[in-house]
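# Remarks on the overall topology
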Amino acid sequence: MKSNDLNNGSVLLINESDLNQMVKIWNDFPEFFTSPGRTHTLETLKTWFQNRHQDYHDYYGYFSTNKLLGFMIIRNPSDALWIKMLAVDRSFQRNGIGRSLVDFIIRCNYSEDYNVKRISLQEKQHRLHKHRILPIYTECLIKNTNGLKFFQRLGFKIKKIDQIEGEILLQYQENCINSE
Ligand SMILES: CC(C)(COP(=O)(O)OP(=O)(O)OC[C@H]1O[C@@H](n2cnc3c(N)ncnc32)[C@H](O)[C@@H]1OP(=O)(O)O)[C@@H](O)C(=O)NCCC(=O)NCCS
């Protein structure tokens, strides 16, 4: 697939049948995730996936012609949205896929019209609180300078640097209710 075939891609909830594709992308980047060095087998990822709602997690993928090219895990407790894991297939980076994934969650958060029906936990929250804009956070390892530049380009600002854990906490800033 060439990069110009990516225009018709879309962000969808990941199903269990997509996990074999997700595990390949995951295992290409374990050093960048905030649980550093954590690799998965299909079985361990399936266990995580099956228990995802206990941790308020939803898994989203960027799909182009049924091929998974990137994914993100969103943690969605009632008071915030956390982008926990985000990765794009190496061969398809710098084509706007990471941006599409992050934009999806920002648009879901900021627009009542957007197709939030596919967000299982946010839908519940919708019923509980009507529409409420939540702060969006992510964490990035200090050594992951590319990840940091990516999030800053998309409007995330550094909130805290934890030298002991080697992590940076970032918050999406535009119109954010909880920004200080
Ligand atoms: C970080 C990552 C998700 C970015 O995905 P991507 O699809 O390549 O990013 P995009 O093409 O959507 O880029 C979006 C914007 O960020 C910018 N950007 C992306 N990577 C960048 C980098 N390394 N340096 C500077 N800017 C960068 C792009 O130029 C683009 O800006 P523009 O639209 O104004 O041109 C991808 O590189 C990746 O999977 N990295 C490994 C895993 C990781 O580090 N995840 C993040 C921490 S969990």
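Everything here concerns the structure above.
The structure reproduced in this document is the subject of the present report. (Residues numbered from 1 in each chain as written. Predicted model: local features only at pLDDT ≥ 70, side-chain atom pairs only at ≥ 80, totals over all residues.)

Further remarks concern the overall build of the chain. Within the chain one finds 5 helices and 7 strands. For the chain, the sequential pattern of α-helices and β-strands runs β-α-α-β-β-β-α-α-β-α-β-β. Relative to its full complement of 180 residues, the chain shows a buried share of 29%. Sequence separation of 24 or more characterises 54% of the internal contacts of the chain that already satisfy a separation of 6 or more. (Helix = DSSP H or I, 4+ residues; strand = E, 2+ residues; numbered from the N terminus. Buried ≥ 20, exposed ≤ 12 C-beta atoms within 10 Å, placed from the backbone. Contact = placed C-beta atoms within 7 Å.)

Alignment of strand β1 (residues 10-13) against strand β2 (residues 57-64), held across 4 bridges, turns out to be antiparallel. Across the sheet, L13 pairs through a bridge with Y60, a residue of β2. Where β2 and strand β3 (residues 67-75) come together, 8 bridges link them in antiparallel fashion. For H57, the partnering residue across the bridge sits in β3 and is R75. (Pairing = 2+ DSSP bridges.)

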